[in-house]
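One letter stands for each residue in the lines below.
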Amino acid sequence: MDFICAGVVLVLLLWVGSQLWALNRNYRAARLMGLPIVLCPFDPDSLTIPSLSTLSPPSLSASSSAPLLPTAAFAAFELTIWGWEFHDKAAVHERLGPAFVLVTTGLNRLICADPSMADAVLARRRDFLHPDITIKAMGLLGPNVVTRTVVTLLSSSPSSSRAPVAAMSYVDAISLVTELLVPAAFIPARVLSLPIMPRILQRLGIALRCLPHLTTDMLDHERRTDSPIVPDAGQTKITGQQDTVDTIMRTLVRLSDQARCQNDNGTHTSPDDKGSKISSSVASRTYLTEEEIAGNLFIFTAAGFDTTSNTMFYAVTLLAAYPEWQTWVQAEIDRVLGTMPESSGDQSPPLDYAVAFPKLTRCLAVMTATTQSLPSGQCAATPICVPAPCAVYVNTMALHTSPSSWGADALVFNPARWLQPGPREGAREVLVAPPRGIYLPWSVGPRKCPGQKMSQVEFVSVISTLFGRCTAEPVPRRGESMQQARQRLLDLTEDSQPGLTLQMNKSKDVHLRWTRR
Ligand code: HEM
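Residues numbered from 1 in each chain as written. Predicted model: local features only at pLDDT ≥ 70, side-chain atom pairs only at ≥ 80, totals over all residues. Heavy atoms only, no water.

1. Some remarks on the pairing of strand β3 (residues 108–112)
And step 1. When you tally the buried positions in β3, you get five out of five residues, the bulk of the element.
And step 2. In the sheet, strand β2 (residues 99–103) pairs with β3 via four bridges, with the strands oriented antiparallel. By the bridge assignment for β3, Ala99 is matched with Cys112.
And step 3. Connecting β2 to the next strand, β3, in antiparallel fashion are four residues.
And step 4. Sheet topology places β3 next to strand β7 (residues 390–395); five bridges connect them, and they run parallel. Bridging across to β7, Ile111 finds its partner in Tyr393. (Buried < 20%, exposed > 50% of the residue type's maximum accessible area, 1.4 Å probe, protein only. Helix = DSSP H or I, 4+ residues; strand = E, 2+ residues; numbered from the N terminus. Pairing = 2+ DSSP bridges.)

Here is the structure:
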């Protein structure tokens, strides 16, 4: 018995010793950076810690009615909770400065809200790489702009026998995979589909098994027919080609097939050349393989869908909570688009994007103000790895809300701060271009979001249509005044948690009444 106890104590001592040794090594490395240091005596990336992150930061803190941790311990622990940046805004940087290092027993974390440092880090894509976990999750369906490497494909996995394709649509499947990206990337589809799994995971399993075939079927359909595809996400009309709908998929397939023909210089290659070719010819070829098309379709749909729709959801909620901003934006919509017919917008001629979009600057300012205070499109901090032992987090939430950059009212939703008078007298207001590094919802440098303009156009078109025709207000609960209902909406937006994108925890409690104008 004594022998067993001694063994347990020895193992424990060895473990504690190894942790202290790692902490000391990382501390010494952090000292070299000359930045403020916060000590965290555990590894926040270990498996047990992320599960703690399901606790909301306020429930752990000393400020809550039943605090689990004393203030000092919470201050260090808080920095390891997933999504802490959203709740903290710029507070930690007000205390510690624009950049500091969280020293852990695993990987140190450099947390940066320094505009020029953020700009420099994001400009060096080759030096600051995404962590392996991101690459694996993003490369779920094939190599793409994010991974830019060859990854193992779902479609080439022996377990992916033909799944029931009709079980769900491509967009539904992508949407589910994006929502549950971590289990999707790390738990095999056949395990997820087991009857003992929760229903949502079983559905995810089906989505994963369907996706390669849904993608292949779409590409086959694309090559077989010239007729327009059933309207779906990401469609645009090509000017001058009557009734021709061009989608990202159609463009990718067409350009890739054209380039493949030129590359092959007459030699026949089946469009179905699988991943085996990727590594051998990747340097010389100028076309995308089937897997790369599939991977890029996935990443564009996943990166573009939630981000934009989420931003719209937050913006609509904020406009319903702030009637003064709603009136402000409606004045512009009425001026630019005229009062829309009462009956049906389907009868009215389509708006000319090139004419309308540049004039709807207030609508765009609503988007910039939303992405400033609620970074609904992206995580509040972007992790990037630098050579061991350090990861860099660009704290966009803090950059967007820093009083030194934005003034004392940095946290106030104020779309007008984003507009300035035009260059000539009487010219329309133009969007403010903030100094480098302080506003990064779409990132900057070589990692900059390729969908920025598309999401802005989508946003302006949806907001101008909705608020041109209707006015939104919250539905008050029993005994609640309109003012209280508006405040409740604002509280709901603040009760959010970043996942892949920021999500309201109680989004189903947002009840709005839409009245025709
Ligand atoms: C409000 C809407 C959006 C926001 C806030 C947003 C934000 C971002 C950010 C911050 C990044 C850089 C991520 C990183 O460095 O890890 C990014 C990348 C990306 N976004 Fe968006 N995005 C939006 C909409 C879209 C749309 C509509 C599309 C597609 C049509 C899209 C496609 C992509 C792709 C493919 C990447 C990866 C680029 C690369 O790594 O080279 N995004 N986005």
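2. Examining the packing of aromatic side chains
And step 1. Counted according to the given criterion, the structure contains seven aromatic pairs.
And step 2. Look at Phe42 and Phe77: their rings are 5.9 Å apart centre to centre, the planes differ by 55°, and that puts the pair in the tilted class. Pair noted here: Phe42 is in the loop between β1 (37–39) and α2 (48–52) and Phe77 is in helix α4 (residues 71–78), with a separation of 35 residues, a long-range link.
And step 3. Here Phe77 falls in the buried class, since its relative accessible area comes to 12%.
And step 4. Look at Phe313 and Tyr314: their rings are 6.3 Å apart centre to centre, the planes differ by 50°, and that puts the pair in the tilted class. (Phe/Tyr/Trp six-rings, centres within 6.5 Å; stacked < 30°, edge-to-face > 60°.)

3. Focus on the site of the ligand
And step 1. Around the ligand sit 25 residues in total, of which Arg125, His130, Gly304, Arg447 and Cys449 are the nearest.
And step 2. A distance of 3.5 Å is found between a nitrogen atom of the ligand and a backbone nitrogen or oxygen belonging to Ala303.
And step 3. Ranked by the residues each element gives to the shell around the ligand, the list is headed by helix α15 (residues 290–321), at seven residues.
And step 4. Counted by class, the shell around the ligand contains 11 nonpolar, 11 polar and three charged residues.
And step 5. Taken domain by domain, the makeup of the shell around the ligand includes at least three residues from each of domain 2 (134–293) and domain 3 (317–386 + 409–516). (Near = heavy atom within 4 Å. Polar contact = N/O pair within 3.5 Å; in protein donor to acceptor, adjacent residues only side chain to side chain. Nonpolar A, V, L, I, M, F, W, Y, C, P; charged D, E, K, R; others polar. Domains from an automatic or database assignment.)

Honestly, that's just the spatial picture; any functional story needs more than this.
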